[in-house]
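# Close look at the chain arrangement
One-letter residues, chain by chain:
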Amino acid sequence: MQFLAVGKSVIRKEAWEKVTGQAKYTADISSPELLYGVIVTSTCAHGNIKQIDIETARSMPGVRAVITGDYYPILTGSVIKDRPPLASGKVRYYGEPVAVVVADTEAEAAAAALQVKVSYEELPTVNSPAEAIKANAPLLHEFVDQYQKSIPEVYPQANSNVVHHVKIRKGDLNKGWEDAEVVVEGSFTLPMSDHIAMETRNAMAHILSDGKIIIRTSSQAPFPVRKMISEQFGRDLGDVIVHVPLVGGAFGGKASVELEYLAVLASQAVGGRKVIISISREQDIASFPVKIALEARIKLGARRDGTLTAGEYTYLVGTGAYAESGPRMANAMAMSCTGPYKLDNVWCDALCVYTNHTYATAFRGFGHGSMTFAVERMMDKLAAALKMDPVQIRRKNAVKPGDTTPTQVELTESNLGNLQACIDKAETLINWEQGQVQYVGENKILARGVACFWKTSSSPTDALASAVVTFNSDGSANLQVGAVEIGPSTKTTLAQILAEKLSLDISRIHVEMEVDTGHSPHHWKTVASMSTFMVGRAVEEAADDALKQLLSLAAIAMVCAPEDLMVENGRIAYKDNPQEYIEFADIAHGYKHANGSTVGSQVIGRGSFVMPHLSPMDQETGKGKPGPYQTPGAQAVEVELNTADYTYRILKAVTVLDAGRVINPKAAQGLVMGAMSMGLGLATREELVFNQKQELSNTSLRTYKVMHIGQQPEYIVDWVETPNKAGPYGARGLAEHGILGIHAALLNALSKAAGVELDQLPVYAETIWKKVEEGRS
Amino acid sequence: MIPFDFSYYRPDSAGEAVALFQDLDAQGKKPLYYGGGTEIISMGRHNNVDTGAVIDIKSIPECGVQEFQDDSLVIGAGVTLTQIHEANLFPLLAQAGARVADHTTQNKITLGGNMCGSIVYRESLLPLLLTDCEVIIAGPGGNRNAPVNDIFDKQVQLNRGEVILQYRIPKSLVNSPHVHVKRTKSEKISYPLLTICALNSGQQVRFAFSGLCGYPFRSKEMEQALNDTSRPADERADHAISQLPEPMADNLESSAAYRQFVLKGSLVSILNELGG
Amino acid sequence: MLQMIDEGLIELNINGETRKVLVRPADTLLFALRERLGLTGAKPGCENGDCGACTILLDGWPVKSCLMLAVEAVGHQITTIEGLENPPIQQAFVEKFAFQCGYCTPGFIMNCQGLINNHPEADEATINEWLQSNICRCTSYQEITAAIKSVLQKNPA
């Protein structure tokens, strides 16, 4: 099929704003009316607040208000309401917000914030997920079972640090062990890490005299912000207006409602005046949500020929001091727990537990990345035990149409895609035939590793997206959607879908970059690599609606039935005589007869989409349909290890994924490469380091390290395109997936090269050295 | 955002700077000399600097010099690491400076500032220690000259109100065979797990280190051990390591044990490269 | 001697214009540009000199405006992204898809422009050395490398 806009590397609509510095993000407006909020945070990881002295701060120059937890005591959380926006009674992590100072200038607010003195009675801390479930572990939340639930499917355990437990019970595990000829076990640890969106979180709020709350925020979730603020402050949804301009990166970290509460509270404390809270990088890392920690144990059974017979998975998800979306990520790990492999006998227990660390929220991959690390290291261990080739064992077990997921969803070619084909391509691209390990010089070993992944979304069963298309009198179209432009070129991709449907040149589609809940059509939130799919479907429907209107107007103008007409290049022509046509411009605002009388008026197309036939996971078995389709893929890494000092260099990184249909190839390639880069960062250097008192040691970008230029390998991205019948033009989500297995592929390669089992992240030269030394002694 | 206030002065001569310092000090302003200012600003953000006045030395003519004068290479304390790298008059210094922070920040960090700041690594100081260069200092009592190894011993040894104007580096050493090694935990732009500068003066190989202990240093004992040509390189390295001035650092960048492993490997390969 | 005792007006030369700016001596150049002049192309990403999002050119050389006092810039020529006149590097960033969220982009472009001005024949090692001063969290850097290389190769030199 010949496409006009789909499959083309269209330059993003906001490209020139972004390269000229004209692009405006939340904090890029200043105004004399603005007041500034600065947050005071906890210096204690677990403690009762004995006293907060705000008197000195309150009397400092320029200070308008100082608020603490008792100013407006509420509990918040998207799954379970366990978190006060400002600590109340006790603090549960180092960096927890305890007060906000509002002043005329940021410097005055910062100076006063230094004078807020808090004293604590220190309590024993929970230092890791494993410690959280020990008998007699200190409790972070004494009455976890009494918190109000935001969704019904969360199962906190009384008198424990377990806020959620999800189970998969599929098939007959005992039979699986009986059928197994080889059994392998492994344990894996991933630390917390941080999103490090380049734009630190910030939010602005003011309250009008009629009670309307106006918020401007850097968020992936304007509609949830509106909903939560309306609930917590007792307003109609329409009386909360959330503006989200361009967002400077998010990666899941801006999908929950955080700073918005504080901005509204701060504004309330100064009579509704406009307050901005722009946090520092240090607070962005230490005080606001990070990536979960994971401790995983996996036991696999297989026959000698490599066929998997049984899998038992335990995932301890460390969500830090508050649940936020941790329980949902436990669900996500459970529902995909096996990785993309056929397994009929599966047990999985995923527990979401509290620790005295910064709380966690969604992070690119939504639990799938952490889970995939464990699963894919395990597949290599199984291959080693069976003396099988790591690619071969994956190919043998790769999930196929007709198989079922751990939640017992039947897989089809459409909802699964073609993992086999991805493996084949990745194998070729990494030159697997040259062997997994090669000696390439004195102290130099070149090694290759592979990993596979699959991912679907964990959306609410009623997640919906809408789109509105309005026409201008010159025949061009405006597209409005509720998806935020956080970086992936979502709005341009959606414009391409619209251009294709309308058969209109992409330059004639105008997309509004800002989301304003007051007039933008609804969208669940910009997460889970679901925007192209969900909003794309809404855009298709809106386009169809508009086309119907255009055709009926054209039929009047051209004196025929709408069925006799077709749409081509922004015109409507007779099917049997395309030389005769009418321009969109002549009917977009109604058709004006020669005598001046006009029929019809502005063409406005509307479309909406709700996730089809999803169902929650059953509490006892996990049975259910949490997401609409899978995106599977295969990844590979080539690395050179220096055995003299155990430094290594990543030479090549490959991802092949089944994208269904690639709508914008260069944008999609960039997303996958960026995700790989982030995954290799997690593999090689990123971690939050807590000291003995559970204070975060690396809160700046000087000590929390991310990839810099010059250290990147050669990135190769390739596609398989098995149409997803439910997706726009067959598309599947792909924005997160490059991150999912790349760390496992790297560690599979490094483990082989060094002859040791590397089962925790990140891996420094020192980590390998230590393992080798342990092996020697 | 620096949450407190201070005054800013940019004097045009060393005399003016020193007099200003005394005056501000007498007023209780706790003045600081200000070079590139990168540390004062970043620590100021965290309220970790206590000052009411900064005295920017970058307009003092002597501080901006970078040229050969007679038998010396003279570099002003206000010369940036980038200017040193671009001129490349002392390649080892150029190299060491080019691994402090990152390139853009090197456009701001000055040679004097890197030595006198509070971040302990001071990696651009290492080549200076190796040359036994002379430091020209202005102070309330007038100018004085002193060997760099006296002016820096674990920390900067300056009297109150004194400011470094220049370094006079023996021209004979600037092109000596040398090696610069910087190892980090993982990311290249990072504090050092260790940094070693080594320079073959003709008589012996000199070594200066950063990242191993709480301060950068040059150790006569270690140099003696490393130059003991009667023993093979790896024994010399072991012996040198046993002479560390204080126990090996054990911190976020590396454990002491791994640091020792890396140090030994680095020393052996430097000895192989520079002879000695 | 230049001196500034407390908050007051200073004159800065920005993008070829002389601008009067009200600052405290302790205010950074980044603050002055953004909050006083509305030049928000320079972004705060860490305010600690670690990310490069606030990079501007000072006398033609890249400098992190968060690590410079506004008053320190008196007497120097400041160029911000708003002062660039359609240089090829912007086009290259667009063509090579060298950005996604765009937040780090002005800083990267200013650093690239500094490199192009000062070392039009920069090799790969020099490109890396310079651009390691900036962090991009969206791209893989491969795209940014491609963008700067395409401009350097087009240079007449």
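Here is what the cut-offs are and how they apply
- Every chain's residues receive numbers from 1 upward, in the order its sequence appears when written.
- Written order determines the labels here, with chains lettered from A and ligands numbered from 1.
- With the structure being a predicted model, the display of local features is reserved for residues of pLDDT at least 70 and the display and counting of side-chain atom pairs for 80 or more, all residues being used for whole-chain, interface and lining totals.
- Only hydrogens and water are removed before side-chain values are computed, so all heavy atoms of the structure are retained for them.
- What makes two residues a contact is simply this: any of their non-hydrogen atoms within 4.5 Å.
- A simple way to read buried area is as the amount of 1.4 Å-probe accessible surface that goes missing from two parts once joined, with both sides added.
- Between Lys or Arg on one side and Asp or Glu on the other, a salt bridge is scored when a side-chain nitrogen of the former is within 4 Å of a carboxyl oxygen of the latter.
- The term polar contact refers here to a pair of N or O atoms within 3.5 Å; inside protein, the definition further demands a hydrogen-donor-capable atom paired with an acceptor-capable atom, and it admits residues adjacent in sequence only when both atoms are side-chain atoms.
- Runs of H or I in DSSP of at least four residues are treated as helices and runs of E of at least two as strands, each being numbered from the N terminus.
- Domain limits in this description derive from either an automatic procedure or a database domain assignment.
- In this count, Pro and Cys sit with the nonpolar residues alongside Ala, Val, Leu, Ile, Met, Phe, Trp and Tyr, while Asp, Glu, Lys and Arg are called charged and the others, Gly among them, polar.
- For two strands to be treated as a pair, DSSP must find at least two bridges joining them.
- Axis geometry follows a simple rule: fit a line to the C-alpha atoms, using only the stretch in contact for helices, then measure angles between N-to-C directions, giving values from 0 to 180 degrees.
- Ring geometry is summarised as follows: Phe, Tyr and Trp rings, the Trp one being its six-membered ring, pair when their centres sit within 6.5 Å, and such pairs are stacked at plane angles under 30 degrees, edge-to-face over 60 and tilted between the two.
- Buried, partly exposed and exposed residues are distinguished by accessible area as a fraction of the type maximum, computed with a 1.4 Å probe on protein chains only: under 20%, between the cut-offs, and over 50%, respectively.
- Only when the NZ atom of a Lys or the CZ atom of an Arg is both within 6 Å of the ring centre and within 35 degrees of the ring normal do we say a charge sits over the ring.
- Roughly parallel means an angle under 35 degrees; roughly antiparallel means over 145; roughly perpendicular covers 65 to 115; every other angle is labelled oblique.
- Take the far helix as your reference; a near helix turned counterclockwise from it by less than a right angle gives a left-handed crossing, and one turned clockwise gives a right-handed crossing.

## Comments concerning the interface of chain A and chain B
Between chain A and chain B, the residue contacts involve 26 residues of the former and 23 residues of the latter. Of the roughly 2,000 Å² buried between chain A and chain B, counting both surfaces, carbon and sulfur atoms make up 60%. Taken as a group, Arg702, Glu766 and Trp769 of chain A account for 27% of the area that chain A buries against chain B, more than any other trio of residues on that side. Scanning the region where chain A abuts chain B turns up three salt bridges. With a closest N to O distance of 3.2 Å, Asp645 of chain A and Arg183 of chain B form a salt bridge. Here chain A is connected to chain B by 11 residue pairs in polar contact (both at pLDDT 80 or more). Secondary-structure elements contributing two or more residues to the side of chain A that touches chain B are helix H3 (106-113) and helix H18 (765-776) of chain A. The element contributing the most residues to the side of chain A that touches chain B is H3 of chain A, with four residues.

## A few points about the domain arrangement of chain C
All names here are of chain C. Along its sequence, chain C is carved into domain 1 (9-81) and domain 2 (88-154). Inter-centroid distance (C-alpha atoms) of domain 1 to domain 2 is 21 Å. At the junction of the two partners, domain 1 supplies 17 residues and domain 2 supplies 15 residues. Of the roughly 1,300 Å² buried at the junction of domain 1 and domain 2 (both faces included), carbon and sulfur atoms supply 65%. At the boundary of domain 1 and domain 2, one finds zero salt bridges. Looking at the side of domain 1 that touches domain 2, its residues break down into eight nonpolar, six polar and three charged.

## Observations regarding unusual backbone geometry
All names here are of chain A. Cis geometry marks the peptide bond from Leu761 to Pro762; its omega dihedral reads -10°. One non-glycine residue, His613, lies in positive phi territory at about 55°. With respect to the helices and strands, the residue His613 is situated in the loop between strand E27 (604-610) and strand E28 (631-642).

## Remarks on the interface of chain A and chain C
The parts lose accessible area when they come together, and the size of an interface is often stated as this lost area. With 56 residues of chain A in contact, the opposing surface of chain C contributes 46 residues. Buried area between chain A and chain C, both sides added, is near 4,100 Å², and the carbon and sulfur share of it is 56%. For chain A, the biggest contributors to the area lost against chain C are Val19, Met198 and Ile709 of chain A; these three give 20% of the whole. Here chain A is connected to chain C by four salt bridges. Its salt-bridge partner being Asp50 of chain C, residue Arg702 of chain A comes within 2.9 Å of it at the nearest N-O pair. Taken together, chain A and chain C are joined by 22 residue pairs in polar contact (both at pLDDT 80 or more). Elements that contribute at least two residues to the side of chain A that touches chain C include exactly helix H1 (15-20), helix H8 (281-286), helix H16 (665-684) and strand E30 (714-720) of chain A. The element that contributes the greatest number of residues to the side of chain A that touches chain C is H16 of chain A, accounting for eight residues.

## Considerations on the sheet that holds strand E24 (residues 577-583) of chain A
Residue and element names in this part refer to chain A. Within the open sheet, the three strands sit side by side as E22-E23-E24. Their pairing is antiparallel. Each having just a single partner strand, strand E22 (565-568) and E24 make up the two edges of the open sheet. Within the sheet, the average angular offset between the axes of one strand and its neighbour, ignoring direction, is 35°. Across four bridges, the pairing between strand E23 (residues 571-574) and E24 is antiparallel. Looking at the pairing, Ala573 lines up with Tyr581 of E24.

## Considerations on the packing of aromatic side chains
One pass over the structure, following the stated rule, counts 24 aromatic pairs over all chains. Residues Phe533 of chain A and Phe609 of chain A carry aromatic rings whose centres are separated by 5.4 Å and whose planes lie at 85° to one another, so their mutual orientation is edge-to-face. One end of the pair, Phe533 of chain A, is in helix H15 (residues 531-558); the other, Phe609 of chain A, is in strand E27, and 76 residues separate them in sequence. Here Phe533 of chain A matches Phe609 of chain A in class, with each residue buried. An aromatic cluster is built from Tyr646 and Trp769 of chain A together with Tyr258 and Phe261 of chain B, whose rings are joined through pairwise contacts. One cation-aromatic arrangement involves Arg571 of chain A over Tyr581 of chain A; the distance from NZ or CZ to the ring centre is 4.0 Å. Taking the ring centre of Phe68 of chain B as reference, the NZ or CZ of Lys171 of chain B above it sits at 5.2 Å.

## Regarding the packing of helix H3 (residues 105-118) of chain C against helix H5 (residues 142-154) of chain C
All names here are of chain C. Put simply, H3 and H5 touch, their axes get as near as 11 Å, and they point 30° apart. With respect to each other, H3 and H5 are oriented roughly parallel. As for how H3 packs across H5, the hand of that crossing is right-handed. Contacts from Phe108, Cys112, Leu115 and Ile116 in H3 reach Ile144, Ile148, Val151 and Leu152 in H5. Grouping the constituent residues of the contact of H3 with H5 by class yields eight nonpolar, no polar and no charged.

## Side note on the packing of helix H10 (residues 368-386) of chain A against helix H17 (residues 742-754) of chain A
Residue and element names in this part refer to chain A. Axis separation between H10 and H17 bottoms out at 8 Å; the angle between their running directions is 30°. Compared by their axis directions, H10 and H17 come out roughly parallel. Crossing of H10 over H17 shows right-handed handedness. Residues Gly369, Thr372, Phe373, Glu376, Arg377 and Asp380 of H10 touch H17, and the partners they reach there are His743, Ala744, Leu747, Asn748 and Ser751.

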